[in-house]
Amino acid sequence: MRRKIVVGNWKMNNTIAESETLAAEVLAALGDNFSGCEVGIAPTFLALESAGRIIEGSEVQLVAQNCHYENDGAYTGEVSARMLNAAGCSSVIIGHSERRQYFGETNATVNLRIKKALSEALNVIFCVGETLAERESGVTGSIISSQVREGLEGISDISAIVIAYEPVWAIGTGKTASSAQAEEVHLLIRTLITELYGDAAAQALRIQYGGSVKPSNAAELFAMPNIDGGLIGGASLNAADFAAIVKAASH
Ligand code: 13P
């Protein structure tokens, strides 16, 4: 039985002080009620340290939103996996569609970042997902498949990786993939992983869904056999909503 995992991706929201407040609110809203579910929050880089102090000693994990593929050097504006590890992060999100769409990330740079994060002992939340145009032209399967294959190229052990399926058309739009639509792609990903890494690795792999997950649709999504939790954007900025989503994953 795979343990569900719910992570709040705060994206570019909240100052340091606001992040501290939200982290404290999340802890209070969660209470002790989330056994059986792994939980993380991903504040902006700037607030990792201070939000990390708030959740220290709790079971909530500190997650970063991206990392570079070198340890250090002349990469203005970037943050390395080594720095994230030293700042107390246990995981990092890599390949989010907003990084691909607005910051030129490709399957190849995503692959480099994943490798570097793993080498710095970080767990990785590796994001994949098709755009609306891709879905409408019937190429969802081949897009997801090349994102997964190329993103994992040369990586032999995927035990520290969670894959997040986030259809781009469902992110921040209020349009959720139906549980059947999401399950279809999750199954496709697990089948592909079976082909690449064998049955044991595929059965152990957690595949999160992301895209307009809310308290009202979380339980139905998480009930699908291949959906192992959620990567939550907008709803994670409200502690009560986030806690309700975690609760839906905790049964
Ligand atoms: P929303 O939940 O706001 O649609 O964002 C999903 C997401 O991109 C999480 O990484």
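**Q** Just checking my understanding: could you explain the site of the ligand for this structure?
**A** Taken together, Asn 9, Lys 11, His 96, Glu 166, Ala 170, Ile 171, Gly 172, Gly 211, Ser 212, Leu 231, Gly 233 and Gly 234 make up all the residues around the ligand. A distance of 2.9 Å separates an oxygen atom of the ligand from a polar side-chain atom of Glu 166. In isolation the ligand has 310 Å² of accessible area, and contact with the protein removes 95% of it. The class makeup of the residues in the shell around the ligand is 3 nonpolar, 7 polar and 2 charged.

**Q** Is there a simple way to explain the sheet that holds strand S4 (residues 91-94) in this structure?
**A** Backbone hydrogen bonds are what pair the strands of a sheet, in a parallel or an antiparallel way. On the basis of which strands lie adjacent, the closed barrel formed by 8 strands has the order S1-S2-S3-S4-S5-S6-S7-S8 and parallel pairing. Across the sheet, the axes of successive neighbouring strands diverge by a mean angle of 25°, strand direction being ignored. Where strand S6 (residues 161-165) lies against strand S7 (residues 207-210), 3 bridges are found, and the strand directions are parallel. Within S7, the position partnered with Tyr 165 by the bridge is Tyr 209.

**Q** Would you mind showing me how to read the packing of aromatic side chains here?
**A** Centre-to-centre distance and the angle between the planes together describe a pair of aromatic rings. Counted according to the given criterion, the structure contains 2 aromatic pairs. Centroid distance Tyr 102 to Phe 103: 6.5 Å. Interplanar angle 80°. Geometry classified as edge-to-face. The exposed category is assigned to Tyr 102, whose relative accessible area is 56%.

**Q** Would you take a moment to explain helix H1 (residues 16-30) for this structure?
**A** One full turn of an α-helix is made of 3.6 residues, so residues set three or four places apart face in the same direction. Look at H1: 21 Å from first C-alpha to last across 15 residues, which is about the 21 Å you get at 1.5 Å a residue. Where H1 is concerned, the buried positions are Ser 19, Leu 22, Ala 23, Val 26 and Leu 30. Viewed end-on, H1 has its buried residues packed into an arc of 105°, placing them on one side of the element. Tucked into the core, H1 has its buried residues touching strand S2 (37-42), helix H2 (48-55) and helix H11 (239-249).

**Q** Would you explain the packing of helix H7 (residues 140-151) against helix H8 (residues 179-197) in this entry?
**A** Relative placement of two packed helices is described by the angle separating their axes and the distance separating the axes. H8 packs onto H7 with a crossing angle of 45° between their chain directions and a minimal axis gap of 10 Å. One way to sum up the angle between H7 and H8 is to call them oblique. Considering the relative orientation of H7 and H8, their crossing is right-handed. Contacts between H7 and H8 involve Thr 140, Gly 141, Ile 144, Ser 145, Val 148 and Arg 149 from the first element and Val 185, Leu 188, Ile 189, Leu 192, Ile 193, Glu 195 and Leu 196 from the second. Residues of the contact of H7 with H8, tallied by class, amount to 8 nonpolar, 3 polar and 2 charged.

**Q** Explain the side chain of Lys 116 to me, please; I cannot follow it from the model alone.
**A** Relative to the helices and strands, Lys 116 is located in helix H5 (residues 107-119). Buried Lys 116, no salt bridge; nearest opposite-charge side chain is Glu 120, N-O distance 4.7 Å. Contacts of Lys 116, omitting those with residues within four sequence positions, involve His 68, Tyr 69, Glu 70, Asn 71 and Ala 81.

Reading the values: the criteria
- Along each chain, residue indices are assigned from 1 in the same order as the chain's sequence is written.
- Whole-chain, interface and lining totals are the exception, using all residues; otherwise, since this is a predicted model, local features are given only for residues with pLDDT of at least 70 and side-chain atom pairs are given and counted only at 80 or more.
- Where side-chain values are given, they derive from all heavy atoms of the structure, hydrogens and water being excluded.
- Nearness is defined per residue: one heavy atom within 4 Å of the molecule or strand is enough.
- We define a polar contact as two N or O atoms separated by no more than 3.5 Å, with the added condition that, inside protein, one atom must be a possible hydrogen donor and the other a possible acceptor, whereas residues neighbouring each other in sequence contribute only through side-chain atom pairs.
- The Shrake-Rupley method, run with a 1.4 Å probe sphere, supplies the accessible areas, and residue values consider only the shown protein chains as cover.
- Ten residue types, Ala, Val, Leu, Ile, Met, Phe, Trp, Tyr, Cys and Pro, are classed as nonpolar, four, Asp, Glu, Lys and Arg, as charged, and the remainder, Gly among them, as polar.
- Pairing between two strands requires that DSSP report at least two bridges joining them.
- Numbering of helices and strands starts at the N terminus; helices are DSSP runs of H or I of at least 4 residues and strands are runs of E of at least 2.
- To obtain an axis, a line is fitted to C-alpha atoms, over the contacting stretch when the element is a helix, and the angle between two such axes runs from 0 to 180 degrees between their N-to-C directions.
- The criterion for an aromatic pair is that two Phe, Tyr or Trp rings (for Trp, the six-membered ring) have centres within 6.5 Å, with stacked assigned to planes under 30 degrees apart, edge-to-face to planes over 60 apart and tilted to the rest.
- Whether a residue is buried, partly exposed or exposed follows from its accessible area with a 1.4 Å probe, protein chains only, as a fraction of its type maximum: under 20%, in between, or over 50%, in that order.
- In this analysis, the expected span of each helix is defined as 1.5 Å times one less than the number of residues it contains.
- Directions pointing from the helix axis toward each C-beta atom define the arc.
- Should any heavy atoms of two residues lie within 4.5 Å, those residues are considered in contact.
- In this scheme, roughly parallel covers angles under 35 degrees and roughly antiparallel covers those over 145, while 65 to 115 is roughly perpendicular and the rest are oblique.
- Crossing handedness is read from the near helix: turned anticlockwise from the far helix by less than a right angle, it gives a left-handed crossing, and turned clockwise, a right-handed one.
- Within this scheme the basic residues Lys and Arg register as positive and the acidic residues Asp and Glu register as negative, but His and the chain ends are omitted.
- We define a salt bridge as a contact between a side-chain nitrogen of Lys or Arg and a carboxyl oxygen of Asp or Glu at a distance within 4 Å.

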